[in-house]
Amino acid sequence: MKAPPVRFWIGVMIFMTTFTNYMMRSNMSVSIISMVDRKSSNRTPPCKRGENTTVNQKKASSDEVMEEKFVWDESEVGNILAAYFWGYLTTCIAGGILSELLGPFHVIMWTSLASAILTGLTPLSTLGGSAGVIANRFVIGMLGGVAYPAVNVLIAKWAPPVEKGKFLAAMMGNTLGTVVTFNLVGWVTAMCGWAWGFYCLVIFMAVYCIVFFILVTDTPEKSRWTSEAERKYIADSQEGHVSKKKAVPPYLKMFKSIPFWALCTAQFGNLWGLNLILTYAPKFMAETLGFNIKASAGLAALPYLARLICSQIFGIIGDRMRKKNVMSVTKIRKFFIIFSHFIPAACMILIRIAGCQHEGVIVLLVMNQGFNGAVVVSHLINSQDLTPNFAGSCYGIMNTIGMTTGMFVPVISGALNIKYNNELIASTIIYMIGGIVFAVCGLAFILFGSAEVQPWNEIKEDATEE
């Protein structure tokens, strides 16, 4: 039986890189539910009022591990959840530049290792109160911010153009990372205490770093595992678009490009919705719908599982459409915006109709993230279309703009919950805003986006800077 090509294993490691990146990002959304002491409020979730919850509360309390809890208000919780994204924003652009100039291997390898160490130190950071946890999460966010630009550089070097849909689908490892994290951290926290929700991730990260160190190189030419035939195939397929020379990204020309800004807008809408589900869904399920930590973790993970499965399907469909020239690449990108942005927008807006029917809420959230899996063939791959030579820098900038949503989505959600005392009206407004942003940003990409290689992608043979 013929062994798969090395680029297959590079795809697997891209999957695991985004998987572990989201483990480090999403674990706090589950852990914080057990870290914060909410018993003093004696507040019954809106969807559980009128039910006899006394027995259930006693059972839940007897199952809990006795450990320190923290009295943090909604504002402090919102800041802790947002801290990762504050740090993330500071390094996205730098991650693209460093990966293009130094290579993605070292950027991903050492930041992943440092993230694991700091995650293991999170329980110690609580000695500084909420401020200590915020500082810890900020630095972890800084380390995580370089991953996606670096992954895009890796894809640009390893992926033949007709296979980029599959490589971008590999980036949906983040969805499985969220699924595993929500369930693993929820289960470990319930069994061993919230501190072990952080420690268990360190073990996982250590194994990943060892495998990454062995398998991954910056380019096919540097890999001892790659055959000469595979190197030639990749090089021939990329000829004319991917240069082996290194150069400073053409920022001025990039910022003057309308397709670039259409891409940034699409990513802004996508990450508003994604960060809303990531940071708010566990809390919404636990404190509004009334699930305990185990049920909340499992149900909150279902949308991400749908996103993982659907992204693979959309990736295959997109690649086949491109190979068969069903329509132009630009039209393919815009067509799939219907699935990645418009349908998820409708699902968020319709959550109000489900009310306290948690089955209906789960179905809508699953549909939201499942259809959003189409991002792998709509806008998420678009930086590779516009500028293969500077895909990392382009992705870093668009992600910096998009990840601003991670700064204020948790804060806005916390403010609305305070204003409306965690009533259903708060979640209605929160999801309604998310749906509107999704739809408007998707429309902007359809009107102004493009998949044509831009003139500023070219690297002059005698130039090393713009």
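Residues numbered from 1 in each chain as written. Predicted model: local features only at pLDDT ≥ 70, side-chain atom pairs only at ≥ 80, totals over all residues. Heavy atoms only, no water.

Caption draft 1: Structural context of helix α11 (residues 194-215). Here α11 is 22 residues long and its end C-alpha atoms lie 33 Å apart, about the 32 Å a rise of 1.5 Å per residue gives. Those residues of α11 not exposed but buried are Trp194, Ala195, Gly197, Phe198, Cys200, Leu201, Met205, Tyr208, Cys209 and Phe212. Taken together, the buried residues of α11 touch α1 (6-35), α5 (104-120), α6 (122-125) and α10 (173-192). (Helix = DSSP H or I, 4+ residues; strand = E, 2+ residues; numbered from the N terminus. Expected span 1.5 Å × (residues − 1). Buried < 20%, exposed > 50% of the residue type's maximum accessible area, 1.4 Å probe, protein only. Contact = heavy atoms within 4.5 Å.)

Caption draft 2: Looking closely at the confidence of the model for the protein chain. When pLDDT is averaged across the protein chain, the result is 84; 88% of the residues are at 70 or more. Across the protein chain, helix α16 (residues 329-349) holds the top mean pLDDT of 95, while helix α2 (residues 54-63) sits lowest at 47. For the stretch residues 54-62, pLDDT sits under 50, and the model shows one contact to residues farther than four places along the chain or on other chains. (pLDDT = per-residue confidence, 0-100.)

Caption draft 3: Expanded view of the pattern of salt bridges. Within the structure shown, the criterion is met by five salt bridges. Ionic pairing is found between Asp385 and Arg333, a salt bridge with its closest N-O pair at 2.6 Å. Pair noted here: Asp385 is in helix α19 (residues 382-386) and Arg333 is in helix α16, with a separation of 52 residues, a long-range link. Take Asp385: its relative accessible area is 6%, and that puts it in the buried class. Given a relative accessible area of 4%, Arg333 falls into the buried group. (Salt bridge = Lys/Arg side-chain N within 4 Å of Asp/Glu carboxyl O.)

Caption draft 4: Structural detail: unusual backbone geometry. Residues other than glycine seldom take positive phi values, yet Asn325 does so here, at roughly 55°. Note on placement: Asn325 falls in the loop between α15 (293-323) and α16. A relative accessible area of 64% means that Asn325 is categorised as exposed.

Caption draft 5: A look at the nonpolar core. In this structure, Ile10, Ile14, Ile155, Met171, Phe212 and Tyr431 are the most contacted members of the largest nonpolar core, which totals 98 residues. Ranked by the residues each element gives to this core, the list is headed by helix α14 (residues 258-289), at 14 residues. Sequence-distant contacts of Tyr431, that is, excluding residues within four places in its chain, are made with Leu276, Ile277, Tyr280, Ala281, Phe284, Met348, Ile349, Ile351 and Leu365. Residues Met35, Val36, Ile80 and Trp194 belong to the second largest nonpolar core, which totals 17 residues. (Core = buried A, V, L, I, M, F, W, Y, C linked by side-chain atoms within 4.5 Å.)

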